[in-house]
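Now for the letters of each chain:
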Amino acid sequence: MEKIQNKLGHKLHRVWQYVISFLKWVFIALVTGAIGGGVGGLFRFCVDLATKTRQAHEFLILFLPLGGLFIVFLYHITKLRDNADTKLVIKSIRSDDKVPVLLGPVIFISTVITHLLGGSAGREGAALQLGGCIGEQVGDLFKLDEKDMHICVLCGMSGLFSALFGTPLTATIFAMEVISVGIFYYSAFVPCLVSSLV
């Protein structure tokens, strides 16, 4: 009888640990999704406004070289010159590397300037970089360990991508699969989905 009670107690303890872990990730994903959604909404608004302004004032394309020089200057003063792109965010999930806190604002500003002056720039890479930066900062806020930090970065990427494109499930799958094509991080599915939906 005592053996059965010990076994049952052990199983209940494991179930409780799963419940606590689930609630922890739902909370972290809610916070990450709320921040990512706010930044993603603002980013979308600014890029759309920049595009409409450029379309209304076609002469702005003449300032594209100056915009390019300003963006280079921005990267130079923030010391983000070497590999500060989507590869850096992906590398941070595969290793111990950190996403620099300045990457988010620099990507935000440089993408808006590029769209304003008629440059060619997509939103997907910027969304992943901004989201990765947000996820990294939320992970630091909650003092997550290395493995949990990777999931938090994925949550940030999912949340911002969803806010930008309005596709929560696609954002979840895309963020989880872009890290390693063909490898799917199942442990990140629920947190990324919650972050995307928020």
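Structure report, in brief. (Residues numbered from 1 in each chain as written. Predicted model: local features only at pLDDT ≥ 70, side-chain atom pairs only at ≥ 80, totals over all residues. Heavy atoms only, no water.)

1. As for the overall build of the protein
So, step 1. Helices and strands together make up the secondary structure of the protein, namely eight helices and zero strands.
So, step 2. Taken from N to C terminus, the helices and strands of the protein fall in the order α-α-α-α-α-α-α-α.
So, step 3. As displayed, the protein offers around 11200 Å² of accessible surface, 67% of which is attributable to carbon and sulfur atoms. (Helix = DSSP H or I, 4+ residues; strand = E, 2+ residues; numbered from the N terminus. Areas by Shrake-Rupley, 256 points an atom, 1.4 Å probe, with all protein chains shown as cover.)

2. As for the pattern of salt bridges
So, step 1. One pass over the full model with this rule turns up three salt bridges.
So, step 2. For Asp48, the salt bridge goes to Arg44, with nearest N and O atoms at 4.0 Å. Residue Asp48 and its partner Arg44 are both found in helix H1 (residues 2–56); the two are separated by four residues, about one turn of the helix.
So, step 3. Note that Asp48 and Arg123 form a salt bridge whose closest N and O atoms lie 2.8 Å from each other. One end of the pair, Asp48, is in helix H1; the other, Arg123, is in the loop between helix H4 (103–116) and helix H5 (124–141), with 75 residues separating them in the sequence.
So, step 4. Overlapping salt bridges bring together Arg44, Asp48 and Arg123 as one network. (Salt bridge = Lys/Arg side-chain N within 4 Å of Asp/Glu carboxyl O.)

3. Some remarks on H5
So, step 1. Taking 1.5 Å of rise per residue, 18 residues should cover 26 Å, and H5 covers 26 Å from first to last C-alpha, within 8% of that figure.
So, step 2. By the criterion of burial, H5 is predominantly enclosed, with 13 of the 18 residues buried.
So, step 3. Positive phi shows up at Lys143, right after H5, with a value of about 55°. (Expected span 1.5 Å × (residues − 1). Buried < 20%, exposed > 50% of the residue type's maximum accessible area, 1.4 Å probe, protein only.)

4. Digging into the packing of helix H7 (residues 168–178) against helix H8 (residues 189–197)
So, step 1. Contact geometry for H7 and H8: axes closest at 8 Å, N-to-C directions at 140°. Here H8 runs oblique to H7, going by the angle between their axes. As for how H7 packs across H8, the hand of that crossing is right-handed. Judged by residue contacts, Pro168, Leu169, Ala171, Thr172, Ile173 and Met176 of H7 engage Phe189, Cys192, Leu193, Ser196 and Leu197 from H8. (Axes fitted to C-alpha atoms, helices over the stretch in contact; angles between N-to-C directions. Parallel < 35°, antiparallel > 145°, perpendicular 65-115°, else oblique. Left-handed = near helix turned anticlockwise from the far one by under 90°. Contact = heavy atoms within 4.5 Å.)

5. Digging into unusual backbone geometry
So, step 1. At Lys143, a position not held by glycine, the phi torsion is positive, near 55°.
So, step 2. Tracing the backbone through its elements, the reader meets Lys143 in the loop between H5 and helix H6 (146–165).

6. A short note on the layout of surface pockets
So, step 1. Empty space within the largest pocket amounts to approximately 200 Å³.
So, step 2. What lines the largest pocket is simply Tyr18, Ser21, Phe22, Trp25, Lys147, Asp148, Ile151, Ser187, Val190 and Pro191.
So, step 3. Elements that contribute at least two residues to the lining of the largest pocket include exactly H1, H6 and H8.
So, step 4. Sorting elements by how many residues they give to the lining of the largest pocket places H1 first, with four residues. (1 Å grid on protein atoms, 1.4 Å probe; cavity = no way out; pocket = protein on both sides within 12 Å on 5 of 7 lines; lining within 4 Å. Points joined across faces, edges and corners; volume = space filled by probe spheres on them.)

7. Regarding a positive patch on the surface
So, step 1. On the surface, a cluster of positive charge is contributed by Lys3, Lys7, Lys11 and Arg14.
So, step 2. Residue placement: Arg14 occurs in helix H1. (Patch = residues over 30% accessible without salt bridge, like charges linked within 9 Å, V, L, I, M, F, W, Y side chains within 5 Å. Lys, Arg positive; Asp, Glu negative; His and termini not counted. Charge placed at Lys NZ, Arg CZ, Asp CG, Glu CD.)

8. Observations concerning a nonpolar patch on the surface
So, step 1. On the surface, Val15, Trp16, Val19, Ile20, Phe22, Leu23 and Val190 cluster together into a nonpolar patch covering about 650 Å² of accessible area.
So, step 2. Among the elements that make up the nonpolar patch, the one with the highest residue count is H1 (six residues).
So, step 3. Looking at the secondary structure, you find Phe22 in helix H1.
So, step 4. A relative accessible area of 47% places Phe22 in the partly exposed class.

9. Things to note about the packing of aromatic side chains
So, step 1. Applying the stated rule across the entire model yields five aromatic pairs.
So, step 2. With centroids separated by 6.5 Å and ring planes inclined at 75°, the aromatic side chains of Phe59 and Phe63 adopt a geometry described as edge-to-face.
So, step 3. Note on Phe59: relative accessible area 46%, which makes it partly exposed.
So, step 4. Ring-pair connections join several aromatic residues into one group, and the members of that group are Phe161, Phe165 and Phe174. (Phe/Tyr/Trp six-rings, centres within 6.5 Å; stacked < 30°, edge-to-face > 60°.)

Coordinates in, geometry out; function isn't part of it.
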